[in-house]
Structures are given as C-alpha cells and as structure tokens.
Amino acid sequence: MERNEFERRFFLARRQVIERDFAHLNDMQKKSVLATEGPLLLLAGAGSGKTTVLIDRIANLIRYGRGSDSPEVPEEMGEAELALLEAEAGRTGPVPEEVRELCALDPVEPWRVIAITFTNKAADELKARLERKLGPGAGDVWAMTFHSACVRILRKSVEVLGISPNFTIYDAADSVAVMKRVLRELNLDEKQFPPKSVLGAISRAKDKLQSPADFAAAAEKGWDPRQKYIARAYTEYARRLLAADALDFDDLIYYTVLLLRDYPEERAYWQRRFHYVLVDEYQDTSHAQYLLAAMLAGERENICVVGDDDQSIYRFRGATIENILSFENRFKNARVIKLEQNYRSTGHILSAANAVIRHNAERRGKNLWTSAGDGEKLKLVVSDGDDAEAEFVASSIVNAVAGGMRWSDFAVLYRMNVQSNRLEYAFKRLAIPYKVVGGTRFFDRAEIKDMTSYLAVVNNPADDLRLLRIINTPARGIGDTTVERLRALAAAQRRPILDIAADAGSFPELKNAAGKLAKFLALIMELRTLSETMPLEDFYDALLEKTGYLEALGDSDEALARRDNIMELKSNIVSYAASAETPSLAGFLDEIALYSDLDSVDTQGESVILMTIHAAKGLEFPWVFLVGMEENLFPSSRSTDSEEDLEEERRLCYVALTRAKRRLTLTAARRRLLFGHTTANAVSRFVEEIPDGDIDKPADLRMGSEGFTREPDPEWLEYRRREKTPFPEAPRRGLVGGSETPRRGFGGVSQGVRRPPAEGPKTASQSPKTLPTLSAGDVIRHKAFGEGTVVAVTSMPGDALLTVNFNGTQKRLMLKAAAPFITKK
DNA sequence: ATCATAACGCTTTTT
DNA sequence: GCGTTATGAT
C-alpha cells in the first residue's frame with residue numbers, strides 16, 4: 001500500500017474509533033468535539049448541550065490530542081495497527097485502552113488547557129463535570145473566569161509592570177468609594193459627574209487599552225470638555241489604586257493584556273504554557289477580553305470560542321457581539337459550527353423563543369428545534385396588581401407541590417431585583433421555602449465589609465481605602481480631624497496612611513492623637529504577626545477578640561443579626577481553608593473579591609429560586625414563572641428609545657424563555673407600584689411577539705379572564721417519573737380543587753373600577769370563604785406540607801398567624817392566605 | 001461622638 | 001418605595 005493511501009485510511013479509521021467515545025453526541029456536537037486544531041467558532045443555542053461539548057472537547061484533547069483532527073500518522077504505525085483500527089472502527093461501545101493509545105497523537109497535558117468562562121458558576125460546573133469525566137487529573141485544567149485567570153497570571157508575572165504581586169482586588173463598591181474621594185478632591189460635582197458613570201467611562205477606556213495619559217490626550221483633542229475632567233479623575237483614580245497596590249476588576253484584564261502585549265518574554269511564557277484556549281459565553285466578552293484570549297492562543301491559534309449571539313445580555317458593561325460577528329475575519333481559517341438542537345425545552349417554548357428573537361435584526365440567525373414534542377403551550381396570566389401577581393405565583397406553586405412537584409422545580413424570574421419584594425412577601429405568607437439570588441450581597445453588608453477590611457489591611461497595609469474604613473471602627477477615639485490630617489499628610493508625601501500613622505510623632509499636627517494612633521498601629525502589627533503564624537480560622541477569632549468588634553456591637557436585635565453574619569463569614573473562611581490547596585489570607589481575599597453569592601446558588605436545595613433573568617443565564621427549571629411582562633418594565637423604559645437597547649432586552653427575553661424545560665407561565669399586572677408610583681402598563685410587546693399558537697392568553701388582555709392553576713396534570717406526573725424523582729404521594733383533592741380562586745385579586749376581579757365582571761372564577765373572591773376556626777392542638781392537613789399540629793394561633797387584625805408543627809419542622813402561616821390549602825382533621 | 005431625622009437619589013442587569 | 005447618605009441636634 002502507498003504510504004499516502006495508508007495514512008488516509010489510518011486517519012479515517014482513527015477518527016471513527018475516537019468517535020465511538022462520543023457516540024452520545026449528535027453530529028454537530030461530535031464535529032465540535034473532534035475539531036481540535038485551529039480556530040473554531042461554536043454557535044451554540046440555548047440548551048444545545050454546549051457544556052457537554054466543552055467537556056468532551058477537553059476530554060478528547062487530553063485523551064487523543066490531535067488524533068481526531070490531524071491527518072498526521074506516527075512513523076511507527078504499520079499495516080497491523082491499521083487493521084486493528086479498521087476492525088475497531090466498526091464496533092461500538094467504549095474503546096479499549098490499548099486501542100486508545102494507537103489513536104492518540106500527542107495527548108494534551110491537562111494544564112495546557114485553559115477554559116475561560118464568564119461566571120464562577122459556569123467555571124465551577126465545568127470543573128466538577130471535568131472531574132467526573134476525567135478523574136482528579138482534570139483539576140489541572142485551568143477552568144476559571146477571565147478575572148480569576150488574570151489574577152493567577154498577574155500574581156506570577158505582574159512585577160514587570162511595577163505592580164506588587166501581592167496586590168489587593170477592589171470590587172465595584174470599593175471603586176465607587178475611591179472615585180467619590182477623587183471627585184471630591186478634584187472639586188467635581190457628583191451630580192455632574194456621577195461616580196458610576198465616570199467609572200464607566202474609565203472602564204471603557206481600559207477596554208480600549210487607554211492609559212490615563214492616552215485618555216487625557218484624546219480628551220484634549222476632543223470637543224467634549226467633560227472628558228478632560230474625566231481624564232483627571234482617571235489619572236487620580238489610577239494613581240490611588242497603584243499607591244494602594246490595588247487593582248479593580250477592569251485592571252485585572254487591562255494589565256494582563258498589557259503584560260502579554262508589551263513583554264515578549266511573558267507572552268512567550270504564557271503562550272508556551274497553554275496550547276489550547278477555550279472561551280465560553282463568547283458573546284459576553286469585551287474587546288480586551290477578546291485580545292487576551294487571542295494573545296494566549298498565540299500563533300497556534302488553537303482557540304475555540306463558544307457563544308450565542310442571541311444570548312448576549314451584557315452589552316451595557318462592555319460586551320460586544322462584534323467579537324462573535326467578526327471571528328472569521330480575525331481568524332481566517334476559522335471553522336464555524338452551529339448547534340441548534342435543543343435538549344432542554346419542549347416545542348412550544350422553543351417556538352415562542354424563536355419567534356421573539358426573530359424580531360432582532362443584529363444577529364447571525366439560528367433556529368432552535370427539538371425532538372421532544374410540542375409539550376404545553378405557554379400561558380399568560382394577567383393580574384390586577386403586583387400583589388395579586390405574586391400571590392398567583394405563590395399559590396400556583398403550592399398547588400403544584402401538593403400535586404407532587406418539588407419546590408426546587410420552580411424559578412421565578414424578573415427584570416429587576418426590586419421585583420423580588422412582592423414575591424417574597426407572598427412566599428412568606430404561604431410559608432414557601434425560597435431563595436433570592438443576588439440583590440444585596442452578603443459581602444456588601446457593613447459588618448462584613450468591616451471584617452474584610454481588617455483582613456485586607458492586615459494583608460496589605462498600603463490599602464488606604466480599607467484602612468480608612470476601620471481606623472475608627474469600632475470607635476477608638478481617632479476622629480474625623482485626625483483622619484483628615486492623616487490623609488492630607490499621606491497625599492502630600494505619597495505614602496500610605498498607615499505609614500504616616502506609624503510616624504505620628506514627627507508631625508506636630510498629630511501630636512494629640514499620637515497615643516491612639518500608636519495603639520491602633522500596634523493592633524495592626526500584632527494582627528499581622530498573628531496572621532502569619534495562625535491558621536486562618538483561628539486568626540479570624542483572634543481578630544474579633546483583639547479588635548473588640550463584637551463587644552462594640554452591643555446586643556440589640558440588629559447587632560445579633562450582625563453577629564450572625566460575622567459568624568457566617570467565619571464559616572466562609574472555614575470552608576475556604578478546607579477546600580483551597582494552600583489556604584492563605586491573600587487567597588481568601590481573592591476569593592471573596594471575585595466570587596459573589598450568586599455562585600453559591602444551589603438549584604438542588606429544596607427551595608423555589610427567585611432571581612433576575614441575568615442571574616438565570618445558564619440555568620434551567622422544569623417550570624418557570626416570568627413575572628412583570630409589562631411595557632416599561634420589560635422591556636425597561638430606559639431601553640425603548642434605542643433599537644440596540646431594545647434588541648438587548650429582547651435577547652434577555654429570549655434567555656428567560658429558554659430557561660424553561662416543560663412549563664412556562666408569563667405574568668403581568670395591570671397596576672404596579674414602581675419607584676413610588678402606581679403605574680399601569682400594557683402587556684409587554686414581547687408577549688405580542690409570541691405566536692398565538694404557542695401561548696394561551698386572555699382574549700381581551702385589558703379585561704383579563706384567566707383562571708387559576710389547576711392541579712398538575714397527568715403529563716406532569718409522567719414527566720416527574722421520567723426524571724426519577726420520588727413522589728410524595730399522588731395528588732389528592734384538597735380544598736382548592738378545580739379552578740377555585742383562593743384569594744381576591746385574580747381573575748379580573750376589579751377593584752372599584754368600572755370593569756365588567758370577569759367570566760373567570762369568582763366564587764371565593766365574591767363571597768369570602770369563612771375561615772376555619774383553629775386553635776392550638778388542632779390537627780390539620782396542608783396541601784403542600786402534609787399533616788401538622790397547630791402549635792399556636794396569634795390573632796391579628798382581620799387575620800391570624802398560625803404556628804404549625806409539620807413533622808418536626810415549625811412553619812408560620814397566615815391563616816387567610818393558607819386557608820385554601822388547609823383542611824381541619 | 002452618636003443618634004435621629006431629613007433629604008436625596010436611585011431605581012437594569014454584574015465579574 | 002426603598003435604602004443610603006447628608007445634616008443637625010444632643
């Protein structure tokens with residue numbers, strides 16, 4: 001046989017054998033996994049098995065190297081090996097180890113693979129699934145966010161830029177705090193120069209790799225005088241951060257790009273290190289992030305980016321679809337593969353999502369399809385007010401749980417965090433276990449910021465921002481005047497504040513405070529020493545003790561909550577110390593800077609999840625409620641006058657719709673209390689964009705006539721069974737049977753407005769049901785919680801608070817709200 | 001220095 | 001409507 005012919009056949013057979021390992025994938029997915037070499041753009045629709053592809057791709061690299069994609073055949077391979085491969089090619093099932101070895105062509109060491117994701121959540125999932133697939137060796141793959149990857153690179157290499165490798169990371173709140181001080185110092189009015197928008201301008205500048213000097217030069221040439229002031233703010237902001245050895249989020253990317261661009265040895269080092277670069281959520285990357293990925297890939301150009309232009313929802317913070325749209329221009333021989341088969345949702349859901357997104361002009365075009373069947377139509381439910389909307393959602397969930405679903409099967413998605421309030425209120429009344437993701441963050445709480453500021457100062461005494469926060473917390477007699485003098489001296493001498501404090505004796509204006517400053521300094525120094533000798537969690541205890549923070553809190557109710565939070569931080573430290581390879585104070589600080597509590601969402605836990613649509617990206621739920629489908633809310637009023645903004649909102653809607661696996665309920669309220677005013681908005685245009693064939697909605701939207709959710713239907717039970725989730729018991733007829741309405745407010749019951757009575761259910765709302773009379777000791781049966789004993793009844797105006805013991809766990813229920821779900825035994 | 005109240009402003013989404 | 005911050009009083 002000619003060597004040419006031999007090699008052709010060998011390559012073919014090898015590829016077929018390798019394919020056996022990925023037989024569970026569809027053709028497009030397989031192609032994506034096997035195309036290991038060169039630039040690859042993967043357009044992966046929602047629910048198209050993108051993560052699976054990413055995992056298998058990495059598995060393929062590690063197992064077979066270039067084997068599936070390169071025609072190269074090792075010299076030593078001969079006819080015997082070919083015969084073996086060709087025989088194996090015809091078979092199915094897992095490939096025997098010795099055959100695998102024949103197929104491998106420079107298998108890739110795990111640490112040569114970097115998979116960059118956008119969120120920690122995604123990175124963690126990637127890591128976990130890689131580990132499951134490949135075993136512990138997978139731990140060496142760099143699966144992390146852009147920001148974490150940059151921290152790791154910078155910790156090793158940043159010194160050439162003249163920045164300390166022990167730099168501190170400033171989060172968004174820190175940045176704002178610094179900027180406020182900068183603006184005050186520059187005498188810039190915060191109204192004319194809102195800190196956040198100045199920071200936004202700086203952020204955009206860094207994305208374009210503009211230094212303060214570059215920015216100032218551009219501002220000089222430009223026509224907008226404001227830019228010159230912003231340039232000054234940028235200069236001073238950057239100066240302060242550098243003086244404090246601090247980098248903000250953007251700096252992490254910015255400096256890494258500078259490092260790779262301007263330092264050939266560093267570039268060479270990192271390019272030699274990584275042979276394969278993968279970027280997830282590519283549609284959400286910024287220009288600088290694209291540069292970073294491209295530079296890491298280097299001339300090898302083994303760069304695989306995965307994204308969905310229809311799911312780009314972070315344009316407002318610098319993400320640019322341009323990256324996706326122009327990938328093939330930048331990488332000339334790029335391959336492009338579309339993944340359009342959806343494994344998540346049923347037909348009507350996908351059809352609705354496709355229909356909505358089709359209204360966007362700026363996109364590559366893609367159509368999701370499924371073989372799962374049509375499933376259920378979506379449903380639109382219009383309530384009178386936001387309170388009724390929330391109650392509808394809450395009672396639907398209780399009903400469904402009574403019918404065998406689990407709390408964790410549900411997600412309630414909304415546009416803005418403030419919308420969670422109403423929902424929470426309704427959920428509390430019905431004692432529904434729920435979790436709100438996002439909103440006020442744990443690490444943003446004052447007492448937590450205090451504690452982390454101590455940790456930050458101990459770790460980096462030059463961190464003036466954090467130092468100022470704690471220098472007099474708890475009060476130790478270092479007042480505003482002293483602090484002001486310290487700051488003035490520090491600014492004048494370009495020295496850290498703590499340095500000045502240490503030198504207090506030599507400044508006459510600090511004479512009065514010298515004693516107190518010395519004490520404070522001694523405290524910090526002592527803590528520093530302790531931090532070097534003690535395990536992290538013990539050090540934290542020592543910190544609490546030496547600072548006297550807890551005592552200073554007092555013992556009010558609020559203080560108790562704060563204590564709880566402080567102990568919660570401790571458990572954070574403990575679990576960090578347990579999981580990190582080499583736990584350190586610096587490592588812990590990195591972690592809390594880059595991780596939000598968004599990352600700890602467990603969709604496993606037995607709770608309903610409430611979150612913004614943004615936070616839901618990448619997640620899926622059997623039943624999704626998408627609330628607040630009203631004009632001015634979604635799409636947000638700020639986005640309706642620009643076509644680009646509107647398209648981003650529509651993509652957001654697309655993301656929301658594609659979160660649902662089986663059932664999707666949209667809700668809108670005729671009146672809503674928003675920003676202090678009652679507003680009445682039309683139903684969202686996005687709802688109108690859903691074909692009638694895919695959604696059930698009231699014939700006359702303004703009138704409303706929808707009923708109340710029934711018990712889950714047999715289809716659901718079947719689905720649950722398929723998912724192998726145990727059923728508590730078969731649904732039974734409770735008090736809320738059929739289409740009974742548990743509370744007023746649904747079904748278009750008007751509130752004193754001249755509106756024709758709705759044709760919907762009206763029984764309960766028109767003649768209020770007599771509330772069951774209950775007293776302590778009564779045994780009741782709750783639709784969702786089962787049997788329980790009433791422990792206490794506290795009467796309240798027009799209602800009563802029940803404390804009920806359900807099988808050992810106590811729940812508090814409002815009688816009126818819970819009545820429809822309760823039967824007295 | 002600490003507390004209370006008033007005023008304010010902020011209402012998109014977050015690594 | 002909310003929470004945060006600025007201001008003033010004790």
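Above this text you will find the structure in question.
The following paragraphs examine the structure supplied in this document. Treat the numbers as computed from the prediction; the structure is a model and nothing was measured.

Quick notes on the environment of D555
Line of reasoning, step 1. On the secondary structure map, D555 appears in the loop between α26 (549-553) and α27 (557-579).
Line of reasoning, step 2. On the basis of relative accessibility, which here comes to 66%, the residue D555 falls in the exposed class.

Some words on the side chain of R112
Line of reasoning, step 1. Among the secondary structure elements, R112 is positioned in the loop between α5 (97-103) and β2 (113-117).
Line of reasoning, step 2. Looking at R112, the relative accessible area reads 16%, which means it is buried.
Line of reasoning, step 3. At 3.1 Å, the side chain of R112 forms a polar contact with the backbone oxygen of R273.
Line of reasoning, step 4. Not counting residues up to four positions away in its chain, the partners in contact with R112 are R272, R273, F274, H275 and Y276.

Considerations on the pairing of strand β7 (residues 303-307)
Line of reasoning, step 1. With 5 of 5 residues buried, β7 is to be regarded as a mostly interior element.
Line of reasoning, step 2. Both faces of β7 are covered, namely the face carrying I303, V305 and G307 and the face carrying C304 and V306.
Line of reasoning, step 3. Bridging between strand β1 (residues 40-44) and β7 involves 4 bridges; their strand directions are parallel. Looking across to β7, one finds that L41 is bridged to V305.
Line of reasoning, step 4. In this sheet, β7 lies alongside strand β6 (residues 276-279) in parallel orientation, the contact comprising 3 bridges. Looking across to β7, one finds that L278 is bridged to C304.
Line of reasoning, step 5. For the crossover that starts at β6, traverses helix α14 (residues 287-297) and ends in the parallel β7, the hand is right-handed.

With respect to the pairing of strand β13 (residues 621-626)
Sheet faces and side chains relate simply in a regular strand, where the side chains alternate between the two faces.
Line of reasoning, step 1. Across the 6 residues that make up β13, a large majority, 6, are buried.
Line of reasoning, step 2. By the bridge criterion, 4 bridges tie strand β10 (residues 410-414) to β13 in an arrangement that is parallel. The partner of L413 across the bridge, within β13, is L626.

Description of the nonpolar core
Line of reasoning, step 1. Counting 73 residues, the largest nonpolar core has F167, M179, L252 and L296 as the members making the most contacts within it.
Line of reasoning, step 2. Setting aside residues no more than four positions away along its own chain, L252 makes contact with H147, C150, V151, L154, F167, I169, L247 and L594.
Line of reasoning, step 3. Formed by 49 residues, the second largest nonpolar core is a distinct cluster that contains L468, L536, I566 and I592.

Looking at helix α17 (residues 347-357)
Line of reasoning, step 1. The element α17 is extensively covered by neighbouring structure, given that 10 of its 11 residues are classed as buried.
Line of reasoning, step 2. Restricting attention to buried positions, one finds in α17 the residues G347, H348, I349, L350, A352, A353, N354, A355, V356 and I357.
Line of reasoning, step 3. Elements that come into contact with the buried residues of α17 comprise β9 (378-385), α30 (643-657), β14 (660-674) and α31 (685-688).

Remarks on the sheet that holds β7
Line of reasoning, step 1. As summarised here, the arrangement of the 6 strands in space is β3-β2-β6-β7-β1-β8, forming an open sheet in which the pairing is parallel. With partners counted over all chains shown, the strands left at the sheet margins are β3 (142-145) and β8 (335-339), one partner each. In this sheet, adjacent strand axes meet at a mean angle of 15° when their direction is disregarded.
Line of reasoning, step 2. Sheet analysis places β2 next to β6, joined by 4 bridges and oriented parallel.

Concerning the protein's contact with DNA strand B
Line of reasoning, step 1. As a matter of local geometry, DNA strand B sits amid 21 residues, with K191, R317, R415, R638 and F675 nearest to it.
Line of reasoning, step 2. The protein-proximal atoms of DNA strand B, defined as those within 4 Å of the protein, are 53% sugar or phosphate.
Line of reasoning, step 3. Residue H147 places a side-chain N or O atom 3.0 Å away from a base oxygen belonging to DNA strand B.
Line of reasoning, step 4. In the model, a phosphate oxygen of DNA strand B is placed 3.4 Å from a nitrogen or oxygen of the T612 side chain.
Line of reasoning, step 5. For the surface near DNA strand B, the per-class residue count stands at 8 nonpolar, 7 polar and 6 charged.

Looking at the environment of R358
Line of reasoning, step 1. Within the element layout of this structure, R358 appears in the loop between α17 and β9.
Line of reasoning, step 2. As for R358 and Q210, which are separated by 148 residues in sequence, their C-alpha atoms are 37 Å apart.

Considering the packing of aromatic side chains
Line of reasoning, step 1. With the rule as written, the count across this model stands at 21 aromatic pairs.
Line of reasoning, step 2. With a centroid separation of 5.8 Å and an interplanar angle of 35°, the aromatic rings of W407 and F785 are classed as tilted. A residue pair is termed long-range when its members are at least 10 positions apart, and W407 in the loop between α18 (386-402) and β10 and F785 in the loop between β17 (779-782) and β18 (786-796) qualify at 378 residues. The same class applies to W407 as to F785, namely buried.

Details of the side chain of D310
Line of reasoning, step 1. The topology assignment puts D310 in the loop between β7 and α15 (322-325).
Line of reasoning, step 2. Polar side-chain contacts of D310 include one of 2.5 Å to the side chain of R363.
Line of reasoning, step 3. Residues contacting D310, with those up to four places away along its chain left out, are I357, R363, K366, R651 and Y654.

As for unusual backbone geometry
For residues besides glycine, phi is generally negative; the peptide bonds are generally trans as well.
Line of reasoning, step 1. Of note, the amide linkage connecting F634 to P635 takes the cis form, showing an omega dihedral of 5°.
Line of reasoning, step 2. If you trace the backbone, P635 turns up in the loop between β13 and α30.
Line of reasoning, step 3. In the Ramachandran plot, D106 falls in the positive-phi region, its phi being about 50° despite a non-glycine side chain.
Line of reasoning, step 4. Summarising the element assignment, D106 is placed in the loop between α5 and β2.
Line of reasoning, step 5. We note that L209 has phi near 60°; this positive angle belongs to a residue other than glycine.
Line of reasoning, step 6. By secondary structure assignment, the location of L209 is in the loop between α9 (195-207) and α10 (212-221).
Line of reasoning, step 7. Its relative accessible area of 13% is what places L209 among the buried residues.

Here we look at the pattern of salt bridges
Line of reasoning, step 1. Enumeration over the complete set of coordinates arrives at 62 salt bridges.
Line of reasoning, step 2. For R100, the salt bridge identified is with E97, shortest N-O distance 3.7 Å. With R100 and E97 both in helix α5 and 3 residues apart, this pair spans about one turn of that helix.
Line of reasoning, step 3. With relative accessibility at 18%, the residue R100 sits in the buried group.
Line of reasoning, step 4. Where salt bridges share partners, they join K50, D280, E281, D284 and K617 into one cluster.

Digging into α10
Line of reasoning, step 1. Those residues of α10 that sit buried are P212, F215 and A219. The arc that holds every buried residue of α10, seen down its axis, measures 65°, which confines them to one face. Residues of α10 that are exposed and point more than 90 degrees away from the buried face comprise A213, E220 and K221.
Line of reasoning, step 2. The inward-facing, buried residues of α10 contact α9 and α11 (225-243).

With respect to the packing of α17 against α30
Line of reasoning, step 1. Here α17 crosses α30 at 175°, and the two axes come no closer than 9 Å. It follows from the interaxial angle that α17 and α30 lie roughly antiparallel. Of the residues in α30, those touching α17 at I349, A352, A353, V356 and I357 are R650, R651, C653, Y654 and L657.

The rules behind the values
Residues numbered from 1 in each chain as written. Chains lettered and ligands numbered in written order. Predicted model: local features only at pLDDT ≥ 70, side-chain atom pairs only at ≥ 80, totals over all residues. Heavy atoms only, no water. Helix = DSSP H or I, 4+ residues; strand = E, 2+ residues; numbered from the N terminus. Buried < 20%, exposed > 50% of the residue type's maximum accessible area, 1.4 Å probe, protein only. Polar contact = N/O pair within 3.5 Å; in protein donor to acceptor, adjacent residues only side chain to side chain. Contact = heavy atoms within 4.5 Å. Pairing = 2+ DSSP bridges. Right-handed = clockwise from strand over helix to strand, strands pointing away. Core = buried A, V, L, I, M, F, W, Y, C linked by side-chain atoms within 4.5 Å. Axes fitted to C-alpha atoms, helices over the stretch in contact; angles between N-to-C directions. Near = heavy atom within 4 Å. Nonpolar A, V, L, I, M, F, W, Y, C, P; charged D, E, K, R; others polar. Phe/Tyr/Trp six-rings, centres within 6.5 Å; stacked < 30°, edge-to-face > 60°. Salt bridge = Lys/Arg side-chain N within 4 Å of Asp/Glu carboxyl O. Arc of directions from axis to C-beta. Parallel < 35°, antiparallel > 145°, perpendicular 65-115°, else oblique.

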